[in-house]
Amino acid sequence: NAGVTQTPKFQVLKTGQSMTLQCAQDMNHNSMYWYRQDPGMGLRLIYYSASEGTTDKGEVPNGYNVSRLNKREFSLRLESAAPSQTSVYFCASSEVRDYEQYFGPGTRLTVT
Amino acid sequence: GDSVTQMEGPVTLSEEAFLTINCTYTATGYPSLFWYVQYPGEGLQLLLKATKADDKGSNKGFEATYRKETTSFHLEKGSVQVSDSAVYFCALRGGKLIFGQGTELSVKP
């Protein structure tokens, strides 16, 4: 039982490049989330998926897109990376929306 | 709207000292309350929770009591260890899950 897994762990991009962050959970959870964590800003919700087939914007969705591929997988795409997107990205999942969330280990992204 | 306020860090303690990290909240209704912990280089882990007034959540020697009259959910531990060094997040779930800013704890031997 791996819980929530994220790939890659580290990534460096140049401004304007695109990439997709992958997230998978093996707990049969209905809801999944993407957060970013920046110094002094705490955790900010980017997008979430309350259930398979649905996605909704969170607090800071601009510059990102998401896909809930199936119940297990929820990906985050940066179409044209900007230095302001340098951050640590966490995926999380929960059985019930917004209740106990289980987090992945994070992806440390640097955009130069 | 709903909000969570935590004491600012960093908090530095010596091993075996008593720990309190303050957390107060603003919410309508009766939210559930949580403490999460983030060890260096890792994601957040749920540490404990309380779902109604006067509930006490506990785990790994940490405790927090849901105080509706003071809208607080302070985290306490009687004797901290170096391995408790981490960032601690208070969170509430009313209509959605809201995290505090986090409090960094550093425990010195």
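Preceding this paragraph is the structure being described.
Residues numbered from 1 in each chain as written. Chains lettered and ligands numbered in written order. Predicted model: local features only at pLDDT ≥ 70, side-chain atom pairs only at ≥ 80, totals over all residues. Heavy atoms only, no water.

Novice: Help me understand the sheet that holds strand β8 (residues 62–65) of chain B, please; the structure alone is not making it clear to me.
Specialist: Note on sheets: strands pair through backbone hydrogen bonds, and any given pair is parallel or antiparallel. All names here are of chain B. The 4 strands are arranged β3-β9-β8-β7 in an open sheet whose pairing can be described as antiparallel. The open sheet terminates on both sides in strands that have one partner only, identified here as β3 (19–21) and β7 (56–59). Across the sheet, the mean angle from the axis of one strand to that of its neighbour is 20°, orientation sign disregarded. Relative to β8, β7 is paired through 4 bridges, and the arrangement is antiparallel. Counted as the bridge partner of K56 is T65 from β8. (Pairing = 2+ DSSP bridges. Helix = DSSP H or I, 4+ residues; strand = E, 2+ residues; numbered from the N terminus. Axes fitted to C-alpha atoms, helices over the stretch in contact; angles between N-to-C directions.)

Novice: What should I look at first to understand the pairing of strand β12 (residues 103–108) of chain B in this one?
Specialist: Along a regular strand, successive side chains alternate from one face of the sheet to the other. All names here are of chain B. One ladder, built from 4 bridges, connects strand β2 (residues 11–14) with β12; its direction is parallel. Across the sheet, S14 pairs through a bridge with K108, a residue of β12. Pairing of strand β10 (residues 86–93) with β12 involves 3 bridges; the strand directions are antiparallel. Bridge pairing in β12 places A86 opposite L105.

Novice: What exactly am I supposed to notice about the sheet that holds strand β1 (residues 4–7) of chain A here?
Specialist: Residue and element names in this part refer to chain A. If you walk across this open sheet you meet the 4 strands as β1-β3-β8-β7, and the pairing is antiparallel. Whereas interior strands pair on both sides, the edge strands pair on one side only; in this sheet they are β1 and β7 (64–68). The mean inter-strand angle of the sheet, taken between neighbouring strand axes irrespective of direction, is 20°. Two elements, β7 and strand β8 (residues 74–78), share 5 bridges in a ladder whose sense is antiparallel. Its bridge partner being in β8, Y64 is matched across the sheet by L78.

Novice: Help me understand the environment of E42(B), please; the structure alone is not making it clear to me.
Specialist: Checked against the element boundaries, E42(B) lands in the loop between β5 (32–38) and β6 (44–50). A relative accessible area of 36% places E42(B) in the partly exposed class. A sequence separation of 13 residues divides E42(B) from D55(B), and the C-alpha atoms of the two residues are 28 Å apart. When sequence neighbours within four positions are dropped, the list of residues in contact with E42(B) reads F90(A), P105(A) and R108(A). Polar contacts involving the side chain of E42(B) include one to the side chain of Q45(B), which spans 3.3 Å. (Buried < 20%, exposed > 50% of the residue type's maximum accessible area, 1.4 Å probe, protein only. Contact = heavy atoms within 4.5 Å. Polar contact = N/O pair within 3.5 Å; in protein donor to acceptor, adjacent residues only side chain to side chain.)

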